[in-house]
Every structure is written in C-alpha cells, then in structure tokens.
Amino acid sequence: MADKPSARTHRAPGRRRLAPGIALGVLLLGAWAGIGAAGSLGADAPEKAAPPPKAYSTVLPFDLPPAAELRRSGKLVFAHYFTPYPLSLDNEPAHRDYYARNYLTPDGEKGKHQAYGGLLRDRPLPAAPEDGDWELAHLRQEVRTARDAGLDGFTLDLLSESGRNRDRAELLLRAAHEEDPGFRVQLMPDMTALTSTTPAGLADSLAQLAKSPSAHRLPDGRLVVSPFKAEEKDPAWWRRMMSELETRHGIRTALVPLFLDFTPDREEYAAISHGLSEWGARSAGRQSGAVADAERAHRLGKIWMQPVAVQDARPNQGVFDEAGNTETLRASWGAAIDSGADWVQLTTWNDYSEGTHVAPSLHNGYAYLDLSSYYLTRFKTGAWPRILRDTLYLTSRVQFVDDLPPATLQPQVIRPREGTATPRDTVEVLSFLTAPAEVRTRTGGAENSRRTPAGVHAQLLPLRTGHSSATVVRAGTTTTEVTSRYPVRRAVEKQDLQYYAVTSGRSQR
C-alpha cells in the first residue's frame, strides 16, 4: 500500500491517503452534549454479518422517522466514504480475508506495517461472501445501512482518476442508484492525492461520474463538487475547472470547498462557491469554533457543511486525538445543531486507518451509527425524538493510555496530537431512559449504582481491567443491560487507542 502525504493544521487533522496495493490489484460533561426531550444531558461485534432488522427502530431508543420523511427536511446528512476500505476486499470469509491476513496483523503485507503494530485496529463488520457481483452487492449493502440510519448519502472521496479506487467509486454510484434512487453521492475530489491534475483533467473526470443519476445535484440541476483540501488550488484554478465542466460538458457546478482549516483567508473562495466546509477537529473541547465558522459562512451568504466525528487514532502516523468516549461525537453534533448548519458530513463512514469510522465495525457494532441517528433526527426535524425504549451505550478503551507495548513488538508508538484534550482512562455509560431509573455499573470488580434521570445522561467511571457492564433497574425490574465484549488488559502487545462501543439495543452475538 502506497502512502500519500499527510497535511495538517493546528485545528484540523489532515488525511494520509492510502491507495490499496493488494493481491487483487487492488470530561467535559458540563459541555454541550445534546439536550434531550427530558432536558438532560445528552463492541456490539458479531463475528458474522448482521443486517439491520426489518423493524429498524426497535434497536434504537426512539422511533426513527422513515427516510422519506427525513428527506423532506432541507438539511442533509452525508458520511465520508473512503474507497480503500469497503466491506470486503476479496469476498473471503472474515477469518482469512485480506483485512485479517494483512491489515489487522503486524506481519501483514510482508511486514510493512510491523513498526506500528499493523495498519488497522478495526475493520468493517464482516460481510458474508456473495455469489456473482459481490462488490456491487456489498456496496448496495453499505448504501442500505446508511439509508436505514437516516443518512441522505455519501460524500465520495475521489483518490484517483483511474485504477481500483476509481472503479470502486463508479461502482458505488451504480449501487446507490440501484439500491435507492433517492440516495445522493456527493463528489469529493481529494486534492491531497490529485495534486498534479489540471482543471481540464479534473473536469473530464468529474463529468464521467456526473452521468450517474445518483451524483448529488441541487434542485436547479447544478452538480455539487466538494473538493477535499480545496486550498491546495487557488480560487482561479477552481474557476477554470468549473468553466471547463460547463463549456465542454454542459455541467454547471455548485462548488462546496472543504478546507483542512477554515481560516479567514479562505473567505476568498466564497465568490465562486455555493457553500463552505472544513474537515474539523476530533476532540470535544475544540468544537466551539465550529459555530463561529458556520456563522462566517452564513454571513458570506453560503451554506455550511458541518463536520461531525467520533474519534481519530492513526497507528501509521503515530498520533491520536482524545475523543473522551462519546463526548466528541455529541459535541460535534451539538455544534451542527446550534450553528444552524445546512449540511452535515460524518467524518468518516469507513476510514479505518484513521479510526474515524461510524459504519458498523467489528469492535463497535452499530453503536456510533445508532447514536448519530438520534442526533440527525433532531438536526433534520428540529425536535428531539421521544425516548421510547431504555437503551445503554457503553464505551471504553481496551487498554490504558500510558501502557506501552515492548519496543520489540511496536517500536513506533502513538502519541497524543498537539492541542488535543488530556488523554484519560474512563468508561462511559450513556443512558437513554424513558423514566428515572437506577443504573447499576460494574467496571472490573468495582460496583456502583446511581439514580439516573429520564432522557440522555452520561456517566463516567474509572477504567479498570476486565469487562465493564451496566444495567437499568426500575421498580425492581431490569429493563435493559449491556456488557463490553472486549476486556481491558494491562499487558499490551500493540497500542489500540480507539474507544470500543457496545449498545444494549442490539444483540451481542
């Protein structure tokens, strides 16, 4: 796998772009955390594929409105799709597929990732091998999963103008149209990878993709193009690209540039843009600037696409952000709601090399996607959903931040990103309760019980070795319970600084 250069700023984590070279060729609890209906604070990892049940909302603490109803909202929610990491890379059973053999082990890909303990720490929730066109079937499944969670579409990271990632991008557009014609795919040329492209070359490339009915267009017919790291090219360059699209291909463009950091000098792009966006921060305490950025965009007369993130941990770059369990997810959704953002981009759907994924995964199940369904419903409808089913979300790491592996096993260790929140060792129990109840917790051998109000409430506990669990008891009856699937251990063979998540709303098989 060839690594593309990383680009970073003091506020916004940059991306390190990866093009697969595989055998196929191929505690700020007082901060905003979401005010629920009751006015309070607001790894499910089966070894085999577990598609969402038909009654999707029964696994959530609330009833998710139908997709058609959510789509009537003028606000849109996308998730950033990263083509190197689809559900499967080779259609093999999960225990011996490319992820298992090469990405999750230090010895994979002839040991090229050995220095940092392997390329990935998590993977997509394993999909059963398919007959026939399995790649299309798997992409349709991903579209279906996103649609069923209330998302409007994907922002499609375009890493190349040819090759395997390009082929997969074209196939995703086809999958979206076949699975759900209302599902939108927003084209996002990645300017950290397309540095040598010309305005005419990019216009030709986008024009081919724009032939798909699923390519995101505004009601007036303009094609939405949202370049990642738009600041790689100046406004004049983008103006030429849009001119090429219109004069040579008859395609008018609605440009929504995404910056690694929306600094004041980026305002010069407003004159050629329909909207503005940024990649965003991955730590809860750094979300306050998002509201000001949205206000600046609106003051310029542009829509704003707000980034919403879970966490960020990158073994191959030796850096991580302190997400604070689900605090960053809740705070960034809060910024989207409070700022009056027009669109949201979940960053990301499936970039497992950066640990930013919300897609169902081996270590997190559907937990982060299910939580996003709650906040996106508020974002799109303007009303907090009514909590109808007691539900618990439990998050923690599986090791302590300061515990390091032997240098012989992982010589390149992962350090906190400069400016991130202070790393912490905590278990979080995020409860969605229909009425006040007792929430009983166990972390390691330590037990605790707390009277918890109705609505959404976050409780922090010290991280201890072993499994953690939580139980809701009301009037002497257990209404729901959850136990972490992966134990916390002191002995560390490789660093894994992602937060694992599990929800009581879905069975733990």
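Each helix and strand counted, the protein has 10 helices and 22 strands in total. Across the 509 residues of the protein, 63% fall into the buried class. A total of about 17800 Å² of accessible surface is found on the protein, and carbon and sulfur atoms cover 50% of it.

On to the confidence of the model for the protein, then. When pLDDT is averaged along the protein, the result is 90, and 88% of the positions lie at 70 or above. Contacts from residues 15–55, a stretch scored under 50 in pLDDT, to residues over four places away or in other chains number 166 contacts.

Right, let's get into the sheet that holds strand E12 (residues 319–321). Across the sheet, which stays open at both edges, the three strands sit in the order E11-E12-E15 with mixed pairing between neighbours. Either end of the sheet is taken by a strand with one partner, and the two such strands are strand E11 (312–314) and strand E15 (415–416).

In the contact formed by helix H6 (residues 199–209) and helix H7 (residues 235–249), the axes pass within 8 Å of each other and the chain directions differ by 50°. Comparing their axes, H7 and H6 come out oblique. Where H6 crosses over H7, the handedness of that crossing is right-handed. In this structure, H6 contributes Pro199, Ala200, Leu202, Ala203, Asp204, Leu206 and Ala207 to the contact, and H7 contributes Trp237, Trp238, Arg240, Met241, Glu244, Leu245, Arg248 and His249. Each residue belonging to the contact of H6 with H7 can be placed in one class, and the counts come to 10 nonpolar, one polar and four charged.

Of the pockets and cavities examined, the largest pocket occupies roughly 630 Å³. The wall of the largest pocket is formed by 23 residues, among which His363, Val398, Lys494, Asp496 and Tyr500 lie closest to the centre. For the lining of the largest pocket, the per-class residue count stands at 13 nonpolar, two polar and eight charged.

Let us now look at the side chain of Lys233. When you line up the elements, Lys233 lands in the loop between strand E6 (223–225) and H7. Excluding residues that lie within four positions of it along the chain, Lys233 makes contacts with Met191, Thr195, Thr197, Trp238 and Tyr269.

Criteria and thresholds
Residues numbered from 1 in each chain as written. Predicted model: local features only at pLDDT ≥ 70, side-chain atom pairs only at ≥ 80, totals over all residues. Heavy atoms only, no water. Helix = DSSP H or I, 4+ residues; strand = E, 2+ residues; numbered from the N terminus. Buried < 20%, exposed > 50% of the residue type's maximum accessible area, 1.4 Å probe, protein only. Areas by Shrake-Rupley, 256 points an atom, 1.4 Å probe, with all protein chains shown as cover. pLDDT = per-residue confidence, 0-100. Contact = heavy atoms within 4.5 Å. Pairing = 2+ DSSP bridges. Axes fitted to C-alpha atoms, helices over the stretch in contact; angles between N-to-C directions. Parallel < 35°, antiparallel > 145°, perpendicular 65-115°, else oblique. Left-handed = near helix turned anticlockwise from the far one by under 90°. Nonpolar A, V, L, I, M, F, W, Y, C, P; charged D, E, K, R; others polar. 1 Å grid on protein atoms, 1.4 Å probe; cavity = no way out; pocket = protein on both sides within 12 Å on 5 of 7 lines; lining within 4 Å. Points joined across faces, edges and corners; volume = space filled by probe spheres on them.

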